[in-house]
Amino acid sequence: MTGAPLAGAAGDRVRLLVVKCLSDETGEDPDAIVARGHLDVGDRDYANIVNRLESYFDCSLDLLAGGNRRLVVDDLCARLGLLPLEAVHV
């Protein structure tokens, strides 16, 4: 992945989509996710969330191989923000 982190409205939209994805997949309250800043999930939810994010942004995040099942909102936003700008259609 290349590029500079997304700022402003594009960065805000990325954050909203990340939180929406986490909430939609797990049923967790979006405000609770934002307040905590992360979400710990099981293997199935983790794979579903990563697949959904990759489909939203038409990219590969290379997150399925590791054993960590904590999704940190800021880390996901930073990773997605490093995509080439033309790849982010939010």
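Before reading on, note that the structure itself is shown above.
The rules behind each value
- Residues numbered from 1 in each chain as written.
- Predicted model: local features only at pLDDT ≥ 70, side-chain atom pairs only at ≥ 80, totals over all residues.
- Heavy atoms only, no water.
- Core = buried A, V, L, I, M, F, W, Y, C linked by side-chain atoms within 4.5 Å.
- Buried < 20%, exposed > 50% of the residue type's maximum accessible area, 1.4 Å probe, protein only.
- Helix = DSSP H or I, 4+ residues; strand = E, 2+ residues; numbered from the N terminus.
- Contact = heavy atoms within 4.5 Å.
- Polar contact = N/O pair within 3.5 Å; in protein donor to acceptor, adjacent residues only side chain to side chain.

Looking now at the nonpolar core. Grouped together as the largest cluster of nonpolar side chains are 21 residues, with contacts concentrated most on Val18, Leu22, Ile49, Leu53, Leu71, Val73 and Leu80. Elements supplying a minimum of two residues to this core: helix H1 (8-26), helix H3 (43-57) and helix H4 (73-81). In contact with leucine 53, other than residues within four places in its own chain, are Val18, Cys21, Leu61, Leu76 and Leu80.

A few words on unusual backbone geometry. The phi angle of most residues is negative, glycine excepted, and most peptide bonds adopt the trans form. Phi at aspartate 58 is positive, roughly 50 degrees, even though this residue is not glycine. Turning to its location among the elements, aspartate 58 is positioned in the loop between H3 and strand E2 (70-72). A relative accessible area of 68% means that aspartate 58 is categorised as exposed.

The subject of this paragraph is the side chain of glutamate 25. Locating glutamate 25 in the fold gives a position in helix H1. Polar side-chain contacts of glutamate 25 include one of 2.9 Å to the side chain of arginine 52.

So, to be careful, I would describe these as geometric facts and stop short of saying anything about function.
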